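Per-entry structural report
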Amino acid sequence: MEETKHLDMAGSGGPKDILKNPSFSSYFDKVQSRKKLPMSLQETLTDAFARISVSSFPQVPRGKVIEIQADQSVGEAIKILSEANILSAPVTETVEVKTIDWRDKYLGILDYSAIVLWVLEGAEFAAAALATSSATAAGVGAGAAGALGALAVGATGPVVAAGITAVAVGAAVTGGVAAGKGMSKDAASAADKMGEDFYKVLLEKEPFTSTTVRSVVKSYRWAPFIPVSADSSMLCVLLLLSKYRLRNVPVVERGEPSIRNYITQSAVIQGLERCKGRDWFDSISAHPITELGLPFMSSDEVLCIQNTELVLEAFKKMKDNQIGGLPVVEGTQKKIVGSLSIRDIRYLLLNHDLFSNFRQITVGDFVNTIAAAPHDSQKVVIPTTCTLDSTLEKVIHILASKSVHRIYVVASNGEEVIGVITLRDVISCFIYEPPNFFDNYFGSAAEVVVSN
């Protein structure tokens, strides 16, 4: 008798269950209904992708997948992602596992989305703990002060699991982090005043320096870890990256312990850009985006952040809506003046001056500060835009050449934001899902069949 087993990285059933989210079908049905392309063309392309093996997809740069060890600190992980200019990386056991099965080696994927969740929850927790400093000064023990802070924000589950314990934060308070600062008992007021001290708490003091990637991956999950085998089809990968909203798909080899390749949405867009001039690509990309139904949302549905709002609110909005970026606008007409992506939190975390003032800094000030720094900050400052009469080819070229993950559609005046096109949207234009595709496909894509 055979039994199918899958290493579930999402915490809620196997991949079939994960992919049953009704929002996925709703999104893809909307995409298909808006595309003004002959069904015969879509069927031909989908069939072609179904016959292309994943093993033929180009390898990651330098042929080696960047990995993060589970017991490294979050700070170390942020530096790894930042230096490599990547959004995510697989997390491995620290001690090399003697195995021939990748399932025993990999714990999941760490990305900036999980880091944002950790930072936001940690910030509120520490703020509440520091707000109890007056109680500490009055003789309340460290553990009690920390516990008060925990109660103030209802800290349970992920916070404790990530190592941000009430007693440890209380100890940081009595250790002088907030002593003599005149903190009020109000958590928000405490957060507003702690400045550089909070930076030290988050990145230099316990328990934050000992918060490991392992605990963050276990506690803050944004997307499931669903690998495919090297002999899978590219159609499987493209569907996972579009309809099913995965940002990356690890490629594994049966009987091998390591990830062989790591296919991201960005890598697929780069691949599409190189297909310019081929009949099948030009037959779709030559169309104006409106003929492909793009953008897939109305102007009222576009989420924006005003440049006068706090930058922390921008990251919170991304977290609450599970999106990777926001246009920065000013005024009621939503004039676009910049853009922020979820990975820009690295600048906040790695810049001491920015982080020490994180509770007060506005989106506009954040963007201006980053713009003045000597690195690739122009990606943060200058918004990437197109208009409704742009072709899909132009959109793909902009996304690929600028290495960005979304392009904002602006009105004819070139200023007002009326839509957004993501990498997911672009990939969706080239395929559709054959009936019962994944029901028939699992067994070779993301599961391993073993004999009882």
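None of these values were measured; they are calculated from a predicted model.

A word on the packing of aromatic side chains
Between two aromatic rings, the relevant description is the distance of the centres plus the angle of the planes. Summed over all chains, the structure comprises eight aromatic pairs. For the pair Phe-24 and Tyr-244, a centre-to-centre distance of 5.7 Å together with 85° between the ring planes defines the contact as edge-to-face. Placement of the pair is Phe-24 in helix α2 (residues 22-34) and Tyr-244 in the loop between α12 (234-241) and β6 (248-252), with a sequence separation of 220 residues. Aromatic pair Phe-49 and Trp-280: ring centres 5.9 Å apart, planes at 90°, arrangement edge-to-face. Placement of the pair is Phe-49 in helix α3 (residues 39-50) and Trp-280 in helix α14 (residues 279-285), with a sequence separation of 231 residues. Owing to a relative accessible area of 11%, Phe-49 belongs among the buried residues under this scheme. The lysine or arginine in question, Arg-424, covers the ring of Tyr-27, its NZ or CZ lying 3.6 Å from the ring centre.

Some details on the pairing of β6
Here β6 lies mainly inside the structure; five of its five residues are buried. Where burial is concerned, the two faces of β6 agree: the one with Asn-248, Pro-250 and Val-252 and the one with Val-249 and Val-251 are both buried. Both strand β5 (residues 228-229) and β6 contribute to a ladder of two bridges, which runs parallel. Its bridge partner lying in β6, Ser-229 is registered against Val-252. For the segment spanning β5, α12 and β6, crossover handedness is right-handed. Pairing of β6 with strand β7 (residues 259-264), which is carried by five bridges, proceeds in the antiparallel orientation. For Asn-248, the partnering residue across the bridge sits in β7 and is Thr-264. Taking the residues that link successive antiparallel strands as the turn, the β6-β7 hairpin has six residues, and the phi of Gly-255 there is positive, at about 80°.

Parameters and conventions
Residues numbered from 1 in each chain as written. Predicted model: local features only at pLDDT ≥ 70, side-chain atom pairs only at ≥ 80, totals over all residues. Heavy atoms only, no water. Phe/Tyr/Trp six-rings, centres within 6.5 Å; stacked < 30°, edge-to-face > 60°. Helix = DSSP H or I, 4+ residues; strand = E, 2+ residues; numbered from the N terminus. Buried < 20%, exposed > 50% of the residue type's maximum accessible area, 1.4 Å probe, protein only. Lys NZ or Arg CZ within 6 Å of the ring centre and 35° of its normal. Pairing = 2+ DSSP bridges. Right-handed = clockwise from strand over helix to strand, strands pointing away.

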